[in-house]
Amino acid sequence: MEKLNRSFINESEHQGEVYYRGYHKGQWRLLPEDAPLDDVNWIDVRGQISEHDWSSIAAQLGLQLDVLLDKVESGQHSQYFFDHQSEGIIARVLMLDEPKFSGVDVPAPAEEADLPERLKKAKIHLSTGQLTLIQTKEAILTMTDNADALVNHVLKRYREEDETMDPEYFVYLLLDSIIDEYYHVMMEMEARYELLEDMILTKRMTDRLSDLHYFRKTLFTIRNAANNLHDALENRMMDRQESQSVYMRELYEHLRSIEDYALYFREGITSLIEIMLTMNDNRLNEIMTTLTVFASIFIPLTFLTGVYGMNFEFMPELKMAFAYPLFWVITIALTLYMIRYFKRRSWL
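1. A closer look at the overall build of the protein
Item 1. Counting secondary structure elements, the protein contains eight helices and eight strands.
Item 2. Within the protein, contacts between residues separated by at least 24 positions form 69% of all contacts whose residues are at least 6 apart in sequence.
Item 3. Working note: accessible area of the protein is about 19800 Å², and carbon and sulfur atoms make up 53% of it.

2. Thoughts on the confidence of the model for the protein
Item 1. The predicted model of the protein has a mean per-residue pLDDT of 80, with 83% of residues at 70 or higher.
Item 2. Considering only residues more than four positions removed or in separate chains, one finds that residues 1-12, a stretch of pLDDT under 50, has 35 contacts.

3. Remarks on the pairing of strand β5 (residues 79-82)
Item 1. In terms of strand pairing, β5 meets strand β6 (residues 87-95) through four bridges, oriented antiparallel. Paired with Tyr80 across the strands is Ile89, a residue of β6.
Item 2. With antiparallel pairing between neighbouring strands as the criterion, β5 and β6 make up a hairpin whose turn holds four residues.

4. Structural notes on unusual backbone geometry
Item 1. Unusually for a residue other than glycine, Asn146 sits at a positive phi of about 60 degrees.
Item 2. Secondary-structure assignment places Asn146 in the loop between β8 (140-145) and α4 (148-157).

5. Things to note about the packing of helix α6 (residues 209-239) against helix α7 (residues 246-307)
Item 1. At their nearest, the axes of α6 and α7 sit 9 Å apart, and the two run at 155 degrees to each other. With respect to α7, the axis of α6 lies roughly antiparallel. Considering only the axes of α6 and α7, their crossing is left-handed.
Item 2. Here the contact of α6 with α7 is composed, by residue class, of 20 nonpolar, three polar and eight charged.

What counts as what
- Residues numbered from 1 in each chain as written.
- Predicted model: local features only at pLDDT ≥ 70, side-chain atom pairs only at ≥ 80, totals over all residues.
- Heavy atoms only, no water.
- Helix = DSSP H or I, 4+ residues; strand = E, 2+ residues; numbered from the N terminus.
- Contact = heavy atoms within 4.5 Å.
- Areas by Shrake-Rupley, 256 points an atom, 1.4 Å probe, with all protein chains shown as cover.
- pLDDT = per-residue confidence, 0-100.
- Pairing = 2+ DSSP bridges.
- Axes fitted to C-alpha atoms, helices over the stretch in contact; angles between N-to-C directions.
- Parallel < 35°, antiparallel > 145°, perpendicular 65-115°, else oblique.
- Left-handed = near helix turned anticlockwise from the far one by under 90°.
- Nonpolar A, V, L, I, M, F, W, Y, C, P; charged D, E, K, R; others polar.

Structure below.
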């Protein structure tokens, strides 16, 4: 990691880092805090810093402190904002345990493992972060909350053939990295969806309702984040009609495809839930049918034993020498006949 410019640990809840960066001949350089503002192209804030520190940054960029604090507050949905001082985008960052831009390859579960084990290994753990990007005439300010890997990835991706920094391309790289991770999450969702589909349709496992609900909840989070960022980009493009960028149009189309992808999975998950509930109902019906058949077999037997178990004095059959063996012959014959009858009807 690059050498730290400033470290703020003023209070336990305010712990963050600030980097002043300048771009020169295809290279990002760390600058001292007191460097001339003309040399600063990017103020990179990582994590939460105190209001006093934000006040210093606001003064450097010519921004109102209350407006700046409102934009860098954590937990906001994706949106575009514009005023006479600045413009910017707040984007929600979704990441797996090992984001795509981390450069770490996660091995796929072994094919020979059973489906429940593969599903357990393929469980998606989604973490959320936030990127706030503010463009001013002086410089670009970014604040990342739980998304430092994103900025590190952009530093590595930035093309080095440009003599000067292209702000539009810089914004594109940040947003493109976020959208790439959306795609990465969707690819992991697809693998998990295929496992669930195999377990329900092929293996007839009907105890996966919790997995389906977790999948649908995660899918809603992704679709909601993509939809909000899509609206933010649309607002930005409408506001900057005179200088629409091919970069932004590309991101706009990518987000639309992610939304369509999420909608497809949503319909698929709904279908799987309906299929699984139907399979549970069918299984319950099969159990009830089996119980009913056995009850039907014992109804005539219960009737016979009830009749000849009555304590009447005059029952001629009880005086017959072969009455007891005859009773068992009739009972067994009747039982075999009913079993054969139910099998011919495919009830057994």
